[in-house]
Amino acid sequence: GTLDLSLPVDVYNLDWESTTAAQVKSLKARGVRVMCYINAGAYENWRSDRNQFPQAVLGSPLDGWDGENWLNINRTDVLVPIMAARMDVCAAKGFDAVDPDNTDGYQQDTGFQISAAAQITYQKALAQAAHQRGLGIGLKNNVEQLSQLGSVVDFAVNEQCAEYNE
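Residues numbered from 1 in each chain as written. Predicted model: local features only at pLDDT ≥ 70, side-chain atom pairs only at ≥ 80, totals over all residues. Heavy atoms only, no water.

(A) Representation of the pattern of salt bridges within the structure. Tallied over the full model, the rule gives 10 salt bridges. Connected via shared salt-bridge partners are D15, E17, E44 and R47. (Salt bridge = Lys/Arg side-chain N within 4 Å of Asp/Glu carboxyl O.)

Structure (structure tokens):
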């Protein structure tokens, strides 16, 4: 749908690719914080950078999300540069922070063996990349690791917390 920039809210969470720098600037002029949504844990077959992902890092489909596949986050050597390039776009457009989605692959049926430690390593690498670009970064839907990552991330987002009693 059409993005409504007039909502009386403190924060917008907008897509890294489809949101323009002018839209971000307009929101920030009102004092609104603007988070840059990137899918850091899953491949999306409609993204402009889809060809950057080698087949070897593409895993099981995300249940209920057509065109998305889990990523093998054990391959930080492949994935962090791709995510850093997305963060470059976020920074250039003037976003305040990054909201990396699907960073709970160690708890999912990804098609890969992903440990809790590997998830923490990946999140720390993402945080370093965001901070190097002057962006804050969140931890999304991974409350179980918040105690280990609270000093690394700048905020946490927990979707559907009431629904799942979290």
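(B) Summary view of the sheet that holds strand β3 (residues 42-44). The strand order across the open sheet built from three strands is β3-β5-β4, with neighbouring strands paired in antiparallel fashion. Only two strands of the sheet have a single neighbouring strand rather than two, namely β3 and β4 (58-61). Going across the sheet, the axis of each strand differs from the next one's by a mean of 40 degrees, ignoring polarity. Direction of pairing for β3 relative to strand β5 (residues 68-71): antiparallel, over a ladder of three bridges. Residue pairing across strands places A42 opposite W70, the latter belonging to β5. (Pairing = 2+ DSSP bridges. Helix = DSSP H or I, 4+ residues; strand = E, 2+ residues; numbered from the N terminus. Axes fitted to C-alpha atoms, helices over the stretch in contact; angles between N-to-C directions.)

(C) Structural detail: unusual backbone geometry. Positive phi, close to 60 degrees, is recorded for N102, a residue that is not glycine. Mapped onto the secondary structure, N102 falls in the loop between β6 (97-101) and α3 (116-132). Assessed through its relative accessible area of 15%, N102 is described here as buried. Of note, the phi angle at N141 is positive, near 55 degrees, even though the residue is not glycine. Following the sequence through the fold, N141 ends up in the loop between β7 (136-140) and α4 (146-149). (Buried < 20%, exposed > 50% of the residue type's maximum accessible area, 1.4 Å probe, protein only.)

(D) Just α3, in detail. For α3, which comprises 17 residues, the first-to-last C-alpha distance of 24 Å matches the rise-based estimate of 24 Å (1.5 Å per residue) to within 8%. Within α3, the full set of buried residues consists of A118, Q119, I120, Y122, Q123, A125, L126, A127, A129 and A130. In the stretch just after α3, G134 is the one whose phi turns positive, near 75 degrees. (Expected span 1.5 Å × (residues − 1).)

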